[in-house]
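# Structural characterization, general
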Amino acid sequence: MNTKKKLRQLVRRCGTNDPFRIARELGIETRYDAPSFLMGFHQYSNRVHIIHINPDMCYEWQRFTCAHELGHALLHPKTCTSYLSA
């Protein structure tokens, strides 16, 4: 199954295209604590997924970063992303 098809199914299943709500629906924690030199990163530890987002960015960039890291959590679930530089 390709990525676009998975995304459409996920949006249909969660009833939204808001990455913050999708993460919440899937039990993925979102924290606003990424260091200022990063946009965000995905962490997987002890069977828990966490998306860390830089709180100093505007909402649009936070949303973009959440969607990007959500992709990592879903497509590469057991791999931690080291950084997405600003």
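Look up a bit, the structure's there.
Below is a summary of the structure that appears in this document. (Residues numbered from 1 in each chain as written. Predicted model: local features only at pLDDT ≥ 70, side-chain atom pairs only at ≥ 80, totals over all residues. Heavy atoms only, no water.)

## Here's the deal with the overall build of the protein
Filter applied, for reference: Numbering of helices and strands starts at the N terminus; helices are DSSP runs of H or I of at least 4 residues and strands are runs of E of at least 2. What the globule rule says is 2.2 Å times the number of residues to the power 0.38, and the radius of gyration is computed from C-alpha atoms. Accessible area is worked out with a 1.4 Å probe on protein chains only. A residue is then buried under 20% of its type maximum, exposed over 50%, and partly exposed in between. Should any heavy atoms of two residues lie within 4.5 Å, those residues are considered in contact. Accessibility throughout is a Shrake-Rupley quantity obtained with a 1.4 Å probe, and a residue counts as covered only by protein chains that appear here. We score Asp and Glu as negative and Lys and Arg as positive, and we do not count His or the chain ends. Positions of charges follow a simple convention, taking NZ of Lys, CZ of Arg, CG of Asp or CD of Glu.
Each helix and strand counted, the protein has three helices and four strands in total. For 86 residues, the compact-globule estimate of 2.2 N^0.38 gives 12 Å, and the C-alpha radius of gyration of the protein, at 12 Å, lies within 12% of that figure. Projected onto its principal axes, the C-alpha coordinates of the protein cover approximately 35 × 30 × 20 Å. Expressed as a percentage of the 86 residues in the protein, the buried residues total 36%. Considering only contacts within the protein whose residues lie at least 6 apart along the sequence, 43% involve residues at least 24 apart. A total of about 5700 Å² of accessible surface is found on the protein, and carbon and sulfur atoms cover 52% of it. Counting 12 positive and 7 negative side-chain charges, the protein places the centres of these two groups 15 Å from one another.

## Points about the layout of surface pockets
For the record, the criterion: Lining residues are defined by having an atom within 4 Å of a point belonging to a cavity or pocket. Those points lie on a 1 Å grid over the protein atoms alone, cavities being sets where a 1.4 Å probe fits but cannot get out and pockets being open sets with protein on both sides within 12 Å along at least five of seven lines. Grid points are joined across faces, edges and corners, and a volume is the space filled by probe spheres set on the points. Classes in brief: Ala, Val, Leu, Ile, Met, Phe, Trp, Tyr, Cys and Pro nonpolar; Asp, Glu, Lys and Arg charged; the others, Gly included, polar.
Approximately 420 Å³ is the volume attributed to the largest pocket. Taken together, 16 residues line the largest pocket, and the ones lying closest to its centre are Lys6, Leu7, Leu10, Gly71 and Leu74. For the lining of the largest pocket, the secondary-structure elements that each account for two or more residues are α1 (3-14), α2 (19-25) and α3 (59-75). Counting residues per element, the lining of the largest pocket draws most heavily on α1, at seven residues. Considered class by class, the residues forming the lining of the largest pocket number 10 nonpolar, four polar and two charged.

## Some words on the packing of aromatic side chains
Quick reminder of the rule: When two rings of Phe, Tyr or Trp (its six-membered ring) have centres within 6.5 Å they constitute a pair, described as stacked for plane angles under 30 degrees, edge-to-face for angles over 60, and tilted for the intermediate range.
Counted by the stated rule, this structure contains three aromatic pairs. Between Trp61 and Phe64, the aromatic rings sit 5.4 Å apart at their centres with planes inclined by 80 degrees, giving edge-to-face as the arrangement. Of this pair, Trp61 and Phe64 both sit in helix α3, three residues apart, which is roughly one turn of that helix. By relative accessible area, which is 46% here, Trp61 ends up partly exposed. The structure contains a cluster of three or more aromatic residues connected by ring pairs, namely Phe20, Tyr32 and Tyr59.

## A short note on the side chain of Thr16
Rules: Two N or O atoms form a polar contact when they lie within 3.5 Å of each other; inside protein one atom must be a possible hydrogen donor and the other a possible acceptor, and for residues adjacent in sequence the pair counts only when both atoms belong to side chains.
Looking at where Thr16 falls in the secondary structure, it is placed in the loop between α1 and α2. Among the residues examined, Thr16 registers a relative accessible area of 9% and is labelled buried. Within the local environment of Thr16, its side chain forms a polar contact with the backbone nitrogen of Asp18, the two atoms lying 3.0 Å apart. Here Thr16 is in contact with Val11, Arg21 and Ile22, once residues within four sequence places are set aside.

Spatial relationships are all this shows, so hold off on functional conclusions.
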